[in-house]
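# Results of the structural survey
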Amino acid sequence: MVGDPASSIYKAATARFDAKDPTQALTNVVNLTCDLLSADRAALYEFDESEGSFTPRFARGVAMAELGRVSSQSDNPVLSKALDELRAVSSADNGRSLGLPLAPGTVACTPCRAGDQIIGLLFVAIDGRKNFSPEDLKTLEVLGARSGEILSIARQTASQSYLFHKLSLLYQASHAITGTLENYWRAMDPLYLQIFAKSFWYAGITTAICLLAAFPIALAITFASPRWKPVLLLI
């Protein structure tokens, strides 16, 4: 649960959230992160289980092409502490920003969780020698928590859409192969009859060629010496 001092922030992160459009909701959270913390840049990463790393999904103040993957086994003290202690950590107080997304500058990050699972990271950066206050880090944690909830919903929505697509294909296939009299009658259409005739014609020609080639080879194998029979069988 979000504490009372952070309730207004949580409501702001929830505002204009449409469960049917989590992409827009996550974009709003990234923008809100920059606005509330007076930050120059922010980026949201999602954990990719197949790669074992975090992949950039949304950003503000920096091009997506400039952001790379972040390893979950990174030795950066800021990232390691954020993942180990499950809280927001700033590079000004707990290490260096070198190697972190959005660097240079002061970079802070917080994990985005769905239950006990970390499914994302929220980064924010400010230029110069500014630092994030403890209140800023608490705000970042609230925004990270909200990002985790929306990421989880986005994953569920994608999974449900994929399942619905598969079921739809199965439904269409089951109707396409129904053996009704109407479908049999449609097979008598001149277009289909012409296709059937061509198929039988090509099949007949192929069979005749195979027979013409097979008989002489079969006779040759019959009367050939044991030495040449394996060679003729390969032909």
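As the structure is a prediction and not an experimental result, all values here were calculated from the model.

Calculation criteria
- Residues numbered from 1 in each chain as written.
- Predicted model: local features only at pLDDT ≥ 70, side-chain atom pairs only at ≥ 80, totals over all residues.
- Heavy atoms only, no water.
- Salt bridge = Lys/Arg side-chain N within 4 Å of Asp/Glu carboxyl O.
- Helix = DSSP H or I, 4+ residues; strand = E, 2+ residues; numbered from the N terminus.
- Buried < 20%, exposed > 50% of the residue type's maximum accessible area, 1.4 Å probe, protein only.
- Core = buried A, V, L, I, M, F, W, Y, C linked by side-chain atoms within 4.5 Å.
- Contact = heavy atoms within 4.5 Å.

## Quick look at the pattern of salt bridges
A full pass over the atoms with the stated rule returns eight salt bridges. Residues Asp35 and Arg60 are paired through a salt bridge, measuring 3.1 Å at the closest nitrogen-oxygen approach. With a gap of 25 residues between them, Asp35 in helix α2 (residues 22–37) and Arg60 in strand β2 (residues 53–60) connect regions that are remote in the sequence. Among the residues examined, Asp35 registers a relative accessible area of 49% and is labelled partly exposed. We note a salt bridge from Arg41 to Asp127, for which the minimum N-O separation is 2.9 Å. One end of the pair, Arg41, is in strand β1 (residues 41–48); the other, Asp127, is in the loop between β6 (117–126) and α4 (134–176), with 86 residues separating them in the sequence. Looking at Arg41, the relative accessible area reads 12%, which means it is buried. The network of salt bridges with shared partners includes Glu46, Arg57 and Arg155.

## Comments concerning the nonpolar core
Buried together is how nonpolar side chains tend to be arranged in soluble globular proteins. Core analysis: the largest hydrophobic core is formed by 24 residues, its most contacted members being Leu44, Val124, Phe132 and Leu140. Among the elements that take part in this core, α2 stands out by supplying seven residues, more than any other. The next biggest cluster of nonpolar side chains, apart from the first, holds 19 residues, and it includes Tyr45, Phe54, Leu67 and Val107.

## Points about the environment of Thr33
Turning to its location among the elements, Thr33 is positioned in helix α2. Separated by 109 residues in the primary sequence, Thr33 and Val142 place their C-alpha atoms 10.0 Å from one another. Once residues lying within four places of it in the same chain are set aside, the contact partners of Thr33 are Ala42, Leu122, Val124, Leu140 and Leu143.

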